[in-house]
Amino acid sequence: MSSPSMTEPAAPILAVPEKPVTGYAGRAERPRSWPIVTAAGTTVLLWASAFVGIRFAGHDYSPGAMALGRMVAASAALSVFVAVTTRLRRARAPHATTRDTLPRGGTLGLVALWGVAWFGGYNVALNAAERLVDAGTAALLVAVAPILVAVAAVLVLGERLTGRLGVGVAVAFVGVALIAASGFTGHADKVGVGLAVLSALLYAFGVLLQKRLLARMAAPTMTWLGALAGTAALLPFAPTLLAELAAAPAPATIGVLFLGVFPTAIGFLTWGYVLSRWTAGRTTAATYLVPPVTVLLSWTLLGEVPALLALLGGALCLTGVVFATRR
C-alpha cells in the first residue's frame, strides 16, 4: 500500500536538493499547493486501504501470487495512463523537451532495482506479514522506515548521530517492542513482526532511491518502468497465481485488482507527484497519517479491535519517528 522521500535526512544522504523538483523540465514557477495537498491526501487514503485490502485478500491468495496479481493489474493501468498522457503531451507540444524519454544505462538499471525492491520484495514481505499480523500492526511497523533511513545514514554513510535521532530511535524501539509483545489486536506473532520490519527496510530503500531518480525523470515514467520491473521479478509466482485464481472467490479477486489499480497505480502516481514537488520534511509529515487511517479502516471494515497496550506502542512509534526526523 506504500511506499511511502519520507524523511528529513533523505536529502543530504543522497545529495538531492531540498528544493522541490517539478515533474517536467521547464516548469519554473512555484506549483499551486492545493493539487499537491489533494494528491498527498489521496496517497494516504489509498495506501492505508492497501493494508486492509491485503489482509482481506490474503485468506485466498498466497503472498507471491497476490503480489503478482496486484502488479499485473497495476502495470496494465499504468501502461494505459502513460500511453494516453504521452500522446496528449506530444500533441500539445511536439517539440518540447521533457524528462519523459526512457532512461538508459545505469539510470535504467537503478529504476529496475527500485521496482524490484519496492513492487516486488516489499509487496511479498508485507503480504506474508499480514498473514500473521493484523493490518494495524503492519502499518505501524512499516511507519518506522524513516528512522531506518536515518540510522543507515549514521552507520553506512558516516553522518553524525544527533541527540534527537538517538532519542527518537529509543522511543520508537520501545513502541515496536510493545507491539511485538502484545500484537495490535492482542495476538503477537514474532515472524509476522519480523516480516513487517523487513517491509519497512525495503520501503526505506525504495523511497531514498526514488527521491534521487526523480531528479532525472518524470514520476509517471519512473513508476511505470518500476512496476514493469517488479512484475517481471514476480513472474515465478505465475503458476501459483493461476491455480489460486481458479479457486478464489470473486470478492478476493476483486480485492487483488483493487490493490493493483488503486493503492499501486493511482497511489504511486500521486505519491510520485508529491515527492517531486514537496520537500522531504513535508512529504514525511503526510505519510505519518497512513497508520492512524489504517487502524480506523481495519477497525471499521475488518473488526480488528486494537489492544490498549499496542495502541500505546503505536503512539510511541509515531512519536519516535516524528521526533527523530523533524528538525
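Residues numbered from 1 in each chain as written. Predicted model: local features only at pLDDT ≥ 70, side-chain atom pairs only at ≥ 80, totals over all residues. Heavy atoms only, no water.

**Some details on helix α11 (residues 250-275)**
Filter applied, for reference: Numbering goes from the N terminus for both helices and strands, where a helix is a DSSP run of H or I of at least four residues and a strand is a run of E of at least two. A helix is expected to span 1.5 Å multiplied by its residue count minus one. Here the bend at each residue means the angle between axes fitted to two seven-residue stretches, the one ending at that residue and the one beginning there.
Here α11 spans 35 Å end to end across 26 residues, near enough to the 38 Å set by a 1.5 Å rise per residue. At Gly 267, α11 shows its maximal kink, close to 35°.

**Topic: the confidence of the model for the protein chain**
Definition in use: Per-residue confidence from the prediction method is given by pLDDT, with values spanning 0 to 100. Residues count as neighbours in contact if any of their non-hydrogen atoms are within 4.5 Å of one another.
Taken as a whole, the protein chain shows an average pLDDT of 80; of its residues, 80% reach a score of 70 or greater. The least confident element of the protein chain, judged by mean pLDDT, is helix α1 (residues 10-14) at 34; the most confident is helix α10 (residues 238-247) at 98. Residue range residues 1-30 is modelled with pLDDT below 50. Its contacts to residues more than four positions away, or to other chains, number 97 contacts.

**What about the nonpolar core?**
Filter applied, for reference: In plain words, nonpolar cores are sets of buried Ala, Val, Leu, Ile, Met, Phe, Trp, Tyr and Cys residues tied together by side-chain atoms within 4.5 Å. Buried means the residue's accessible area, taken with a 1.4 Å probe over protein chains only, is under 20% of the maximum for its type, while exposed means over 50%, and partly exposed covers the values in between.
Grouped together as the largest cluster of nonpolar side chains are 65 residues, with contacts concentrated most on Phe 51, Trp 118 and Tyr 203. Ranked by size, the runner-up nonpolar core spans 7 residues in total, among them Ile 147, Ala 150, Leu 165 and Ala 324.

**Side note on the packing of aromatic side chains**
The cut-off we apply is this: The aromatic pairing rule takes the rings of Phe, Tyr and Trp, using the six-membered ring of Trp, and pairs them if the centres are within 6.5 Å, calling planes under 30 degrees apart stacked, those over 60 edge-to-face and the rest tilted.
Enumeration according to the criterion identifies 13 aromatic pairs in this entry. Here the aromatic rings of Trp 118 and Trp 271 are separated by 6.4 Å at their centres, their planes lie at 80°, and the arrangement is edge-to-face. One end of the pair, Trp 118, is in helix α4 (residues 105-129); the other, Trp 271, is in helix α11, and 153 residues separate them in sequence. Take Trp 118 and Trp 271: they sit in the same class, and that class is buried. Counting every residue linked through ring pairs, the aromatic cluster contains Trp 47, Trp 114, Trp 118, Phe 119, Tyr 122, Tyr 203, Phe 268 and Trp 271.

**Considerations on the side chain of Asn 123**
Rules: Definition of a polar contact: a pair of N or O atoms within 3.5 Å, with one able to donate and the other able to accept a hydrogen when the atoms are protein atoms, and with sequence-neighbouring residues admitted only if both atoms are side-chain atoms.
Structurally, Asn 123 is set in helix α4. Taking relative accessible area as the criterion, Asn 123 reaches 3% and is therefore assigned buried. A polar side-chain atom of Asn 123 sits 2.8 Å from the main-chain carbonyl oxygen of Phe 119. Other than its neighbours up to four places away in sequence, Asn 123 contacts Ala 67, Arg 70, Met 71 and Trp 118.

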